[in-house]
Structures are given as structure tokens and as C-alpha cells.
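Coordinate inspection notes
One-letter residues, chain by chain:
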Protein chains: 2
Amino acid sequence: MFSQATKYAIKSVIYIWTQSLEDRKVSAKEIGQKIGAPEAFTAKILQNLTKAKIVGSIKGPNGGFFADESHANFNLKDVVKIVDGDQLFSGCSLGLHKCSEKNPCPLHFEVVKVRKEIDIMLTSKSLKHLAVEVIKGQTQLGNII
Amino acid sequence: MFSQATKYAIKSVIYIWTQSLEDRKVSAKEIGQKIGAPEAFTAKILQNLTKAKIVGSIKGPNGGFFADESHANFNLKDVVKIVDGDQLFSGCSLGLHKCSEKNPCPLHFEVVKVRKEIDIMLTSKSLKHLAVEVIKGQTQLGNII
DNA sequence: AACATATTGGATAATTTTATCCGAAATATA
DNA sequence: TATATTTCGGATAAAATTATCCAATATGTT
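All residue numbers refer to positions counted from 1 along the written sequence of the respective chain. Here the convention is simple: chains get letters from A, ligands get numbers from 1, in the order in which they are written. With the structure being a predicted model, the display of local features is reserved for residues of pLDDT at least 70 and the display and counting of side-chain atom pairs for 80 or more, all residues being used for whole-chain, interface and lining totals. Excluding hydrogens and water, the side-chain figures rest on all heavy atoms present in the structure.

Time to look at the packing of aromatic side chains. All names here are of chain A. In summary, the pairing rule links any two rings of Phe, Tyr or Trp, Trp by its six-membered ring, whose centres are within 6.5 Å, and it sorts them by plane angle into stacked for under 30 degrees, edge-to-face for over 60 and tilted for everything else. With the rule as written, the count across this model stands at two aromatic pairs over all chains. Where Tyr 8 meets Phe 41, the ring centres are 5.8 Å apart and the plane angle is 85°; that geometry is what we call edge-to-face. In this pair, Tyr 8 sits in helix α1 (residues 4-20) while Phe 41 sits in helix α3 (residues 39-51), placing the two residues 33 residues apart along the sequence. For every residue, the accessible area obtained with a 1.4 Å probe (protein chains only) is divided by the maximum for its type, and the residue is called buried under 20%, exposed over 50%, and partly exposed between those limits. Classification of Tyr 8 as buried rests on a relative accessible area of 11%. The exposure class assigned to Phe 41 is partly exposed, which follows from its relative accessible area of 38%. Positioned above the aromatic ring of Phe 89, the side-chain terminus of Lys 77 is 4.9 Å from the ring centre. Secondary structure elements follow DSSP: runs of H or I no shorter than four residues count as helices, runs of E no shorter than two count as strands, and numbering proceeds from the N terminus. Whether a charge sits over a ring comes down to the Lys NZ or Arg CZ being within 6 Å of the ring centre and within 35 degrees of the ring normal.

Moving on, we come to the protein's contact with DNA strand C. For each residue, the test is whether any non-hydrogen atom lies within 4 Å of the molecule or strand; if one does, the residue is near. Close contacts around DNA strand C come from 25 residues, with A:Pro38, A:Pro61, B:Lys44, B:Gln47 and B:Ser57 the closest. Restricting attention to atoms of DNA strand C within 4 Å of the protein, one finds that 67% of them are sugar or phosphate atoms. Here a polar contact is taken to be a pair of N or O atoms separated by no more than 3.5 Å, where protein atoms must pair a possible hydrogen donor with a possible acceptor and residues adjacent in sequence count only if both atoms sit in side chains. Within the backbone of B:Ala28, a nitrogen or oxygen atom sits 3.1 Å from a phosphate oxygen of DNA strand C. Note that a base nitrogen of DNA strand C is positioned 2.8 Å from one of the side-chain N or O atoms of B:Gln47. Contributions of two or more residues to the surface near DNA strand C are made by α1 and α3 of chain A together with α3 (39-51), β1 (56-58) and β2 (64-66) of chain B.

Here it is, written out as C-alpha cells:
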């Protein structure tokens, strides 16, 4: 369902939020270690998330990645879109160029329902809320925290 | 959601069924052309589907791929599993090894709902039924038929 | 028997995704 | 100012996916 890069991105962003809620900035290195992802690859993904302003970053000592109220309007769907584009959310799931309500592919109407659930999954909770659940120990990102 | 190979596989199988319902066997070449997929790559995918007995094949002149009542118990979920494995249906969507009801990842419970819809999408109609819809012009596989 | 058609299987190539490396830029601290 | 830390950006490498090619096998037809 998600590319490897997107999996890392989702875990990274939630981890960044958990730490930002405790007023800590985190390095790409730390993030990679905590979520079990290769550090350099994680850094590349974080570059894109930063460029898209989904998280913030500061260079230098005591720098790192963080999230605050200025990033509170983004959700996991935005993260997925930044990393993987929006094939998951739009376009024909079988790759037909001319697929529409009037000229549907065999999966067209069923895919609508699947996508509705995917949307709910990725938009119903804020990134901050997801981080709070991790902090509370209700969910986990690895073998972390 | 689906790999390119799976997209081709789904379209191939449904196309084979449409032709088998008219008592025609079809070559890998014809399938590739009709569904807009590279012929050699399609042939490779068809090899796997044949090995899994999702469709039948006969070599030589007037040979080709076909489906009959002996293949009627398979559905699109089987096709997806043969080509892509079952990552879409099981395992943690974020790749966590220790993800469970008791120790869930942030998406665990939402993913259950998404997968329920994916299951419905891929199992509720038989391959034959999907082919009939194409034959009736209610759905399409390309710019075909 | 010879020939043409079609799948099968293996090897190879191209492309995309995943991953690594390194130097440059920014910045806090001593 | 010098140094250490950290992101940024580009180049490169490795692995997986997608795609192509060709020879071998099977089989129907002439």
C-alpha cells in the first residue's frame, strides 16, 4: 500500500511530533535509528518533508527537525502525497487513461470505497494526536520510546 | 495500490475470461495488445498465473490462454497474491515487525477497515462475472472489445 | 516429416526505487 | 575565530521492478 519511503516518512513525522511535544529537536540520525530506517535515506526523505513545510528544520548544533503549531494543519495524507504523489488517491487503479463514472474499469466503483477508507485513515487524526497516542504508549513506532 | 505487474495480471485474467466465454483461446501477444501492456512482460506474468492454475494454457497452433469452470474458484485476490504476494492483505502497513492488536502501530486499526474494503473489492465478484460486465459494455479494460 | 504457432524458461537490459557518500552551507559554542 | 554539529544538495551505488530477447519445447496442420 505504501512505498518504503512513505513508511519511513510517516514514522519520521510522527516521531518528530512526539519529540517536539517534549520540546526536543531531533537529528536525521536519531530519527533513522529510532524508527529503524537507514539514516542517509531518512535524511533525504526529511529534506522533502521540510521543503514541503510539513516539518521544520534548523541547521547546526542543537538543530534538527521539529514540528509546532505552524505545522499543525498537515496530516498523513499530505505526507503520503509529498513522498509518493497521489496515485493512491486518484487516477484509475488499473492504470486506464479513460476510466470514469461513465466508462468505468472493473474496479472503479469498489475503489471509491477503498479510497474513502484510506482517506479516513490518513486524515481523521492530526499528526499531533497520533504522536500523543505514541507518547501514551497506546501505539508504537518501532521498539522505541 | 497495485504494482504494474498486478495491474496487467488483473486485466489479463479478466480479458481471458471474456474470450473464454466466447470459446476463444488467446495468445500472450493478443492479450498484451488488448490491455495495453508489453507483450513479453505480459507473457511472463501469464506464466505465473498459469503455474498457479488461475488460468489454463495450451501450446502450439490454436493454443493460448483460457479459463473454464475448473478455474472458476479463483478471484482477483488470488491474482494479486500470486503476482505481488500478500503484503497488501497482511502484515503491518508501516513495516513494523511487532505490530499487533496489543501493540499496534499508529495505523493498525484503521488499516483493518481499509483492508476489509480491499477484500470486498477483490472477492465479491467472480472473475467470470467481471468478464460478463466487460462483455456487456458496463465496464472496460482498455479501449478494447 | 516438415512447418508454423504458441507457451516456457533463462538470460539480459532498462528503469525506478532504495540506499550510501561526500562536500558545502549554516549555526551554536568555546 | 576556530571547531563541532547538523541540514542541504548532488553524485553515485545497490537492489528491485519492469521490460526485452532468444532458444527450447510442445502441438496442430499440411
